[in-house]
Amino acid sequence: MPGGFCFSTNLSDNLSDNLSESTFVNIAPGADYEVRLEDAILNIGIDPAEDDVECYVETARISLSPSEYDEATAENMYLLSLRNVDKEEKILHEKSEDGEVRISFGISSDLYHFLIRTYQYINFHHPIIEIINDDLTKIHNSKNWITAAVSQGMLSIVAFKDNRLEVANCNETMVTQNRAYLVLNTWTKLGFDALNDTLYIIGKDTEVSKLKSAVSKFIKQCV
């Protein structure tokens, strides 16, 4: 993880049913990185024996495969489609709610084993699965659409053509012009109509506004 590691929590208050304030932790890369990361996670206040932990791994290292392929085949597809990394990687898998597709995604093997040693109840997810699942249940204006999800450092693109998933990928970029190019390039490659098909932009408000301003002159239905 050359860009470091961030995580946030929202823990239940033991004295009430209300949720306490979220805690956001940013671990910068550098000396003793893994030690600092493990210490920060241990100090966050999660009870390893009691609390369920849902871990969302926001990474651009993902691949898409049909769900009828077994995980070994999906893992081979992942390794063939992505460049090698220096450190050992654990490849995880998650299926969409309709059972049609599988997302395979990577996490540092050392971090993965630390987390499963530390927390008795932990589940791993990739955020793009939530986008896919939401798109499957949403009522859409057209049979072709793209959902672009923007966070501070990541752009996720999910595209449906004729109501079927065609594209699901992530790119690490903070530059609005790069994000606009990636969205418009995907739009063009899929042959989408600038007047009748739909682009949804979701995520952090300031990043949404910047991307919408950059692409709305080319796509009429930009919401």
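Residues numbered from 1 in each chain as written. Predicted model: local features only at pLDDT ≥ 70, side-chain atom pairs only at ≥ 80, totals over all residues. Heavy atoms only, no water.

## Focus: the sheet that holds strand β11 (residues 198-203)
Pairing between sheet strands relies on hydrogen bonds along the backbone, with the strands arranged either parallel or antiparallel. Stated precisely, the cut-off is as follows: Strand pairing follows a simple DSSP-based rule, namely that at least 2 bridges must link the two strands. A run of H or I in DSSP counts as a helix once it spans at least four residues, and a run of E counts as a strand once it spans at least two, with each numbered from the N terminus. Whether two residues are in contact is decided by their heavy atoms: any pair within 4.5 Å suffices. Note on geometry: axes are lines fitted to C-alpha atoms, helical ones only across the stretch in contact, with angles between N-to-C directions running from 0 to 180 degrees.
An order of β10-β9-β8-β11-β12 is seen for the five strands of this open sheet, with the pairing classed as mixed. A strand with exactly one partner marks an edge of an open sheet, and here the two such strands are β10 (164-172) and β12 (221-222). Direction of pairing for strand β8 (residues 145-150) relative to strand β9 (residues 154-161): antiparallel, over a ladder of six bridges. Directly across from Val-150, in β9, lies its bridge partner Leu-155. The sheet contacts of helix α5 (residues 176-189) involve β8, β9, β10 and β11, and relative to β9 the element is tilted by about 15°. Along the sheet, helix α6 (residues 205-215) contacts β8, β9, β11 and β12; its crossing angle with β11, the most-contacted strand, is approximately 155°.

## Some points on the sheet that holds strand β5 (residues 89-95)
Across the sheet, which stays open at both edges, the three strands sit in the order β4-β6-β5 with antiparallel pairing between neighbours. Sheet topology places β4 (62-66) and β5 at the edges, where each strand pairs with a single neighbour. The mean inter-strand angle of the sheet, taken between neighbouring strand axes irrespective of direction, is 25°. The pairing of β5 with strand β6 (residues 101-108) spans seven bridges and is classified as antiparallel. If you follow Leu-92 over to β6, its bridge partner there is Phe-105. Of the strands in this sheet, β4, β5 and β6 are in contact with helix α4 (residues 127-137), which crosses β6 at around 160°.

## With respect to the layout of surface pockets
Rolling a probe over the atoms, with the probe sized like a water molecule, indicates the empty space that remains. Using the following cut-off: Using only the protein atoms, space was sampled on a 1 Å grid; points where a 1.4 Å probe fits but cannot get out form cavities, open sets with protein on both sides within 12 Å along at least five of seven lines form pockets, and lining residues are those with an atom within 4 Å of a point. Grid points are joined across faces, edges and corners, and a volume is the space filled by probe spheres set on the points. Gly counts as polar in this scheme, as do all residues outside two lists: the nonpolar Ala, Val, Leu, Ile, Met, Phe, Trp, Tyr, Cys and Pro, and the charged Asp, Glu, Lys and Arg.
If you add up the space inside the second largest pocket, you get close to 200 Å³. Together, Leu-64, Ser-96, Asp-98, Glu-100, Val-101, Ile-132, Leu-136, Phe-160, Asn-163, Arg-164 and Leu-165 line the second largest pocket. Split by residue class, the lining of the second largest pocket holds six nonpolar, two polar and three charged.

## Details of the nonpolar core
Stated formally: In plain words, nonpolar cores are sets of buried Ala, Val, Leu, Ile, Met, Phe, Trp, Tyr and Cys residues tied together by side-chain atoms within 4.5 Å. The cut-offs for exposure are 20% and 50% of the maximum accessible area for each residue type, with area from a 1.4 Å probe on protein chains only; residues under the lower value are buried, those over the upper are exposed, and the others partly exposed.
Ile-103, Ile-107, Leu-115, Tyr-119, Phe-124 and Ile-128 are the most contacted members of the largest nonpolar core, which has 34 residues in total. Membership of the second largest hydrophobic core comes to 20 residues, among which are Leu-155, Ala-159, Trp-187 and Leu-211.

## Here's the deal with the pattern of salt bridges
Condition: The working definition used for a salt bridge is a side-chain nitrogen of Lys or Arg within 4 Å of a carboxyl oxygen of Asp or Glu.
All told, the structure shown has five salt bridges when counted by the stated rule. Across the pair Asp-162 and Lys-143 runs a salt bridge whose closest N-O atoms are separated by 3.5 Å. On the criterion of sequence distance, the pair formed by Asp-162 in the loop between β9 and β10 and Lys-143 in the loop between α4 and β8 is long-range, its members being 19 residues apart. For the salt bridge of Arg-179 with Glu-207, the shortest nitrogen-to-oxygen distance reads 2.9 Å. Of this pair, Arg-179 sits in helix α5 while Glu-207 sits in helix α6, and the two are 28 residues apart along the sequence. On the accessibility criterion, Arg-179 (1% relative accessible area) is buried. Connected through salt bridges with shared partners, the residues Arg-179, Glu-207 and Lys-210 form a single ionic network.

## Observations concerning the environment of Met-174
Of note, Met-174 is situated in the loop between β10 and α5. In the structure, Met-174 is positioned 21 residues away from Gly-153 in sequence and 4.8 Å away in space, judged by C-alpha atoms.

## Concerning the packing of helix α1 (residues 33-42) against helix α3 (residues 109-118)
Rule in force here: Between 65 and 115 degrees an angle is taken as roughly perpendicular, under 35 as roughly parallel, over 145 as roughly antiparallel, and anywhere else as oblique. By convention the crossing between two helices is left-handed if the near helix lies anticlockwise of the far one by an angle smaller than a right angle, and right-handed if it lies clockwise.
Look at α1 against α3: their axes get within 12 Å of each other, and the N-to-C directions meet at 25°. Judged on the interaxial angle alone, α3 and α1 are roughly parallel. By crossing handedness, the relation of α1 to α3 is classed as right-handed. Where α1 abuts α3, its residues Glu-34, Leu-37, Glu-38, Ile-41 and Leu-42 lie against Asp-110, Leu-111, Phe-114, Leu-115 and Thr-118. A per-class count over the contact of α1 with α3 returns six nonpolar, one polar and three charged.

## Remarks on the packing of aromatic side chains
Heads up, the rule is: Side-chain rings of Phe, Tyr and Trp, where Trp is taken by its six-membered ring, are said to pair if the distance between their centres is within 6.5 Å; with planes under 30 degrees apart they count as stacked, over 60 as edge-to-face, and otherwise as tilted.
According to the stated counting rule, one finds three aromatic pairs in the structure shown. Taking 5.1 Å as the distance between ring centres and 45° as the angle between the ring planes, the aromatic pair formed by Tyr-112 and Phe-124 counts as tilted. With Tyr-112 in helix α3 and Phe-124 in strand β7 (residues 121-125), this pair connects stretches of sequence that are twelve residues apart. Grouping residues by exposure puts Tyr-112 and Phe-124 together as buried. Ring plane angle 10° and centroid distance 4.7 Å describe the contact between Trp-145 and Phe-160, whose orientation is recorded as stacked. Highlighted residues: Trp-145 in strand β8 and Phe-160 in strand β9, separated in sequence by 15 residues. Neither residue differs from the other here; Trp-145 and Phe-160 are each classed as buried.

So, to be careful, I would describe these as geometric facts and stop short of saying anything about function.
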